[in-house]
Amino acid sequence: MATQKIVMRPDKKIALVAHDNKKRDLLEWAKFNRNLLAHHDVYATGTTGVTLERELGFHINRLQSGPLGGDQQIGAKIVGNEIDFLIFFWDPLEPMPHDPDVKALLRMAVVWNIPIACNRASADFMISSPLMDGEYDRLVPDYEEYRARKIDWGASLDPAANRSAEGEA
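The sections below set out a description of the structure shown in this document. Position numbers for residues count from 1 along each chain, tracking the sequence in the order it is written. Owing to the predicted nature of the model, reporting of local features is limited to residues with pLDDT of at least 70; listing and counting of side-chain atom pairs is limited to 80 or more, with chain, interface and lining totals taken over all residues. Side-chain numbers here rest on the full set of heavy atoms in the structure, without hydrogens or water.

Comments concerning unusual backbone geometry
Item 1. One non-glycine residue with positive phi stands out, namely N81, at about 60°.
Item 2. N81 gets classed as partly exposed once you look at its relative accessible area, which sits at 27%.
Item 3. The phi dihedral of N113 is positive, around 55°, even though this residue is not glycine.
Item 4. The numbering of helices and of strands both runs from the N terminus, where a helix is a DSSP run of H or I of at least 4 residues and a strand a run of E of at least 2. Relative to the helices and strands, N113 resides in the loop between α5 (99-111) and β6 (116-117). The buried label goes to any residue with under 20% of its type's maximum accessible area, the exposed label to any with over 50%, and the partly exposed label to all in between, with areas taken from a 1.4 Å probe on protein chains only.

Below is the structure:
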């Protein structure tokens, strides 16, 4: 499959998300990295966004809480090239009622080839990367072939097939 290049600008669009049991970890990480985060465009879900904005002292683009659609909002922003990378401190030991939304969010991050940090160590490596403050060419599969694929809808849904079956074609 062919690829297309999406340029990530020096000021990145970063989504910060944390499950309840990981919110304190994310807050501590964000406070430690406040100066690195401050010049980027930061998004966060629900109460995470409220707390981060208060504690960090700069604007956070706040979305809905994860279970209320925030995870899906971030996923849509990934698809729309409005998020460059995702820092998602999720709790692998806690069952989540909105687990399908979480999986969909992670899937969109992989489909659109954006970096994902799921714990403090990976977030530390990402935020301190020399690639963070420069342009980066993110390669994404060209999904036009997938969008243009032919689908067999069956005779009942295909108007041309219906005309043919009725002797109109």
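Comments concerning the sheet that holds strand β4 (residues 61-63)
Item 1. A pair of strands counts as paired when DSSP detects no fewer than two bridges linking them. If you walk across this open sheet you meet the 5 strands as β4-β3-β2-β5-β6, and the pairing is parallel. A strand with exactly one partner marks an edge of an open sheet, and here the two such strands are β4 and β6.
Item 2. As paired elements, strand β2 (residues 13-18) and strand β3 (residues 41-45) share 4 bridges and run parallel to each other. When the bridges of β3 are listed, I14 appears paired with V42.
Item 3. Residues count as neighbours in contact if any of their non-hydrogen atoms are within 4.5 Å of one another. Axes, fitted as lines to C-alpha atoms, cover a helix only where it is in contact. Angles between the N-to-C directions of the axes lie from 0 to 180 degrees. Each of β2, β3 and β4 touches helix α3 (residues 46-56); the most contacted strand, β3, lies at about 135° to it.
Item 4. Packing of helix α4 (residues 70-79) onto the sheet brings it into contact with β2, β3, β4 and β5 (85-89), and relative to β3 it is tilted by some 150°.

Side note on the pattern of salt bridges
Item 1. Throughout this description, the term salt bridge denotes a Lys or Arg side-chain nitrogen within 4 Å of a carboxyl oxygen of Asp or Glu. In total, this model carries 10 salt bridges according to the counting rule given.
Item 2. We note a salt bridge from K31 to E55, for which the minimum N-O separation is 3.5 Å. Taken together, the positions of K31 in helix α1 (residues 23-32) and E55 in helix α3 put the pair 24 residues apart, joining distant regions of the chain.
Item 3. Of the residues examined, E55 reaches a relative accessible area of 35% and is grouped as partly exposed.
Item 4. Residues joined in a network through salt bridges with shared partners are K31, R54 and E55.

Side note on the packing of aromatic side chains
Item 1. In this scheme Phe, Tyr and Trp rings, the latter by its six-membered ring, pair at centre separations within 6.5 Å, and the angle between planes marks the pair as stacked below 30 degrees, edge-to-face above 60, and tilted otherwise. Taken as a whole, this structure holds 2 aromatic pairs when the rule is applied.
Item 2. For the ring pair W112 and Y143, a centre distance of 5.2 Å and an interplane angle of 70° mean the geometry is edge-to-face. One end of the pair, W112, is in the loop between α5 and β6; the other, Y143, is in the loop between β7 (136-141) and α7 (144-147), and 31 residues separate them in sequence.
Item 3. When its relative accessible area of 11% is taken as the criterion, W112 is described as buried.

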